[in-house]
Amino acid sequence: MDARQLRSILIAVSIALMAVIASVSGLNVAQTHMAVEFGASQNTILWIINIYTLALAALLLPLGAIGDRLGRKSMLIAGLGVFGVAGVAAGLAPTAEVMLAARVAGGIGAAMIMPITLAVITSTFPEEERGTAIGVWTGVAGGGGILGMFLSALLVDVADWRWLFVLPVVLVIVALVMTLKSVPNSRERSAYSFDTVGALVSTVAVVGLIFVLQEGPERGWTAPATLISLAVGLIAAVGFVAWELHRRDASLLDVRLFRERGLAGGSITLLVVFGVQAGIAVVLFPFFQAVLGWSGLLSTLALMPMAVMMMMTSGLAPKLAVRIGSRPTMATGIALAAVGLVLMALFVSVDGGYLAILPGMLAMGVGMGLSMAPSTEAITGSLPREKQGVASALNDVTREFGTALGVALLGALLSAGYRSAIDDRLQGIPQGAADTAREGIANAVEVADSTGSHAQDLLHAAQQSFVDGWQEAMWAGVAVMGVLFAYIALRGPKNSTHSPHLP
């Protein structure tokens, strides 16, 4: 296969991946618009946003495995078709119920697309070029969400929220044409029957655990629905591991392979890095909007330097791994990301503005870019060729879990730190306004105008308390990254970029 065809394959799968990633976060900027147009509650709007991620994460492993058996090109084409139709249906949805159904269908289509895009790369590219191609893929996966949010915010500001679905549909059409023309079909024959039980149990486990992370902050961590979902998720996860150990070579995912440094180290790194990245976004948006007073569009634009650095260094990481080894590259990336968190914790202030946190954001972007590509290659390289759809799906499930975990935990730390800090700063503020301000910085900003002469004092108290909560969340992130650095330094993938199970 010549270089031109390989380049066409990489462009096709990258465009398909961009469509999926952009749709994960795009609707966040249209929450109020949807609530007004559909007459829907905030809980319904959150479900419209989260149901896509839930369906995507739950079906990644089984659909990745089915793609390995039925043919990766066929699965990619089918997924693009389902995803495109779902996007059109969502853009035209007359009610919240139709929108929910369209988002579920979109998540199913995304679960057919996402693992196959990486599996096509790992099964098609020769070993000497595979690392660079995976670097491009991880750059799109990491930076695509922020780019998608920016374009979504721009469309909402200059047009209508329904135009949010135009970009993913256009990307799908382009990816479909290029896939039909350039992507070769590959499938793997297995001597074993499909692990239907493993597929079903894994779906239940992922749904249960992701539901907890998404709904816990909203419903409460001790709410009956949260606790029941946690119990179901944990029981299913334990059951999945036991069943896969029983199936051994015929399993959907051979969990014994987690004894290998590559699979374990790569998975843990992606879980933490994506968790911190997602958690940072949760912290940054209210800082830009409530502390700096920026619009949604400008706030999203402010994230672009971090996304650009991440995408650039994701492409450079495989070359660095060839020179110094996978483990030092991952460790360097983790250390730089931790330095970025330290910089943001030390220099953030109400008066410091954007420039106070920009160096930390840039360091974070470089660090995440350096750590993601070797981690992804460590995962895909740990599973044999006939399991590349499963390897890719495991990589994607780890990212989704990390994202949900980071949003839940860093978001909770930020909220707790804010509430703790603001209590001592509300003396003299009218009781009703003070109670509202304790709920969050957005609530404080909204109620400040109604407090007359106390408005400036309340605003400053809320902003300073947010910064205090920010610092607590950053230092928690630093601690987690420190533990990860120590683990990778001691037990990370061996210093080799060769994939033992791939030709």
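Sequence order as written defines residue numbering, which begins from 1 separately in each chain. Whole-chain, interface and lining totals are the exception, using all residues; otherwise, since this is a predicted model, local features are given only for residues with pLDDT of at least 70 and side-chain atom pairs are given and counted only at 80 or more. Side-chain metrics rest on all non-hydrogen atoms present in the structure, leaving aside hydrogens and water.

### A closer look at the overall build of the chain
Along its length, the chain carries 18 helices and zero strands. The quantity called the radius of gyration is restricted to C-alpha atoms. Its globule counterpart is 2.2 Å times the number of residues to the power 0.38. Whereas a compact globule of 503 residues would reach a radius of gyration of roughly 23 Å, the chain reaches 22 Å, a difference of no more than 12%. When its C-alpha atoms are laid out on the principal axes, the chain stretches across 75 × 50 × 45 Å. When the 503 residues of the chain are sorted by exposure, 57% land in the buried category. Contacts are assigned to residue pairs with any non-hydrogen atoms lying within 4.5 Å of each other. In the chain, the proportion of contacts linking residues at least 24 apart, taken out of those at least 6 apart, comes to 82%. With residues, only the protein chains shown are counted as cover, and all accessible areas are computed by Shrake-Rupley using a 1.4 Å probe. Carbon and sulfur atoms form 66% of the exposed surface of the chain, whose accessible area is close to 19500 Å². Here the chain holds 28 positive side-chain charges and 31 negative ones, and the gap between their average locations is 15 Å. Working definition: helices are DSSP H or I runs of at least four residues, strands are E runs of at least two. Numbering for both runs from the N terminus. Throughout, exposure labels follow a simple rule: accessible area from a 1.4 Å probe, protein chains only, divided by the maximum for the residue type, with under 20% read as buried, over 50% as exposed, and the rest as partly exposed. By the counting scheme adopted, Arg and Lys are positive, Glu and Asp are negative, and His together with the chain ends is not counted. All charge positions are set by atom: Lys at NZ, Arg at CZ, Asp at CG, Glu at CD.

### A short note on the packing of helix H10 (residues 261–291) against helix H15 (residues 388–422)
Lines fitted to the C-alpha atoms define the axes, with helices restricted to the stretch that makes contact. Angles between their N-to-C directions range from 0 to 180 degrees. At a minimum axis separation of 6 Å, H10 and H15 run at an interaxial angle of 40°. As summarised for this structure, H10 and H15 are arranged oblique, according to the angle between their axes. Remark: the crossing between H10 and H15 carries right-handed chirality. Mapping the contact onto sequence places Leu263, Ser267, Leu270, Leu271, Phe274, Gly275, Val276, Ala278, Gly279, Ile280, Val282 and Val283 in H10 and Leu394, Asn395, Thr398, Arg399, Phe401, Gly402, Thr403, Gly406, Val407, Leu410, Gly411 and Leu414 in H15. Here the contact of H10 with H15 is built from residues that sort into 14 nonpolar, nine polar and one charged. Should an angle fall under 35 degrees it is taken as roughly parallel, and over 145 as roughly antiparallel, whereas 65 to 115 is taken as roughly perpendicular and any remaining angle as oblique. Each crossing is labelled by how the near helix is turned from the far one, with a counterclockwise turn of less than a right angle marking it left-handed and a clockwise turn marking it right-handed. Asp, Glu, Lys and Arg are counted as charged, while Ala, Val, Leu, Ile, Met, Phe, Trp, Tyr, Cys and Pro are counted as nonpolar; the rest, among them Gly, fall into the polar class.

### Notes on the packing of helix H6 (residues 127–158) against helix H12 (residues 304–324)
In the contact formed by H6 and H12, the axes pass within 7 Å of each other and the chain directions differ by 170°. The orientation of H6 relative to H12 falls into the category roughly antiparallel. Within the contact between the two elements, H6 uses Gly131, Thr132, Gly135, Thr138, Gly139, Val140, Gly142, Gly143, Ile146, Leu147 and Phe150 and H12 uses Met304, Met306, Ala307, Met310, Met311, Ser314, Gly315 and Pro318. Here the contact of H6 with H12 is built from residues that sort into ten nonpolar, nine polar and no charged.

### Observations concerning the environment of methionine 75
Here methionine 75 is to be found in helix H4 (residues 72–92). Leave out the neighbours within four places in its chain, and methionine 75 touches Leu63, Ile66, Gly67, Met112 and Ile116.

### Some words on the confidence of the model for the chain
Per-residue pLDDT for the chain has a mean of 86; in total, 97% of the residues score no lower than 70. Low confidence marks residues 496–500, where pLDDT is under 50. Its contacts with residues over four positions away, or in another chain, come to eleven contacts. Values of pLDDT, ranging from 0 to 100, describe the predictor's confidence in every residue of the model.

### Looking at the environment of glutamine 464
For glutamine 464, the location among the structural elements is in helix H18 (residues 455–491). For glutamine 464, a relative accessible area of 24% puts it in the partly exposed group. Distance in space between the C-alpha atoms of glutamine 464 and valine 350 is 6.3 Å, their sequence separation being 114 residues. Among residues more than four places away in sequence, those in contact with glutamine 464 are Val350 and Arg425.

### What about the pattern of salt bridges?
By definition here, a salt bridge exists when the distance from a side-chain nitrogen of Lys or Arg to a carboxyl oxygen of Asp or Glu is within 4 Å. Scanning the model with the defined rule gives seven salt bridges in all. Here aspartate 254 ties to arginine 256 by a salt bridge, and the two come within 2.8 Å at their closest N and O atoms. Across this residue pair, the class does not change: aspartate 254 and arginine 256 are buried. One salt bridge connects arginine 438 with aspartate 423, and the closest N-O pair in it is separated by 2.7 Å. With arginine 438 in helix H16 (residues 431–438) and aspartate 423 in the loop between H15 and H16, the pair connects residues that are 15 residues apart, well separated along the chain. Judged by relative accessible area, which is 27%, arginine 438 ranks as partly exposed. Relative accessible area serves as the criterion here: at 38%, aspartate 423 is assigned to the partly exposed category. Several salt bridges share partner residues, and in doing so they unite Asp423, Asp435 and Arg438 into one network.

### Thoughts on the packing of aromatic side chains
Think of it this way: a Phe, Tyr or Trp ring, Trp meaning its six-membered ring, pairs with another when their centres are within 6.5 Å, and the plane angle makes it stacked under 30 degrees, edge-to-face over 60, tilted otherwise. Within this structure, the stated rule accounts for nine aromatic pairs. The structure contains a cluster of three or more aromatic residues connected by ring pairs, namely Phe287, Phe288, Trp294, Tyr354, Phe466 and Trp470.

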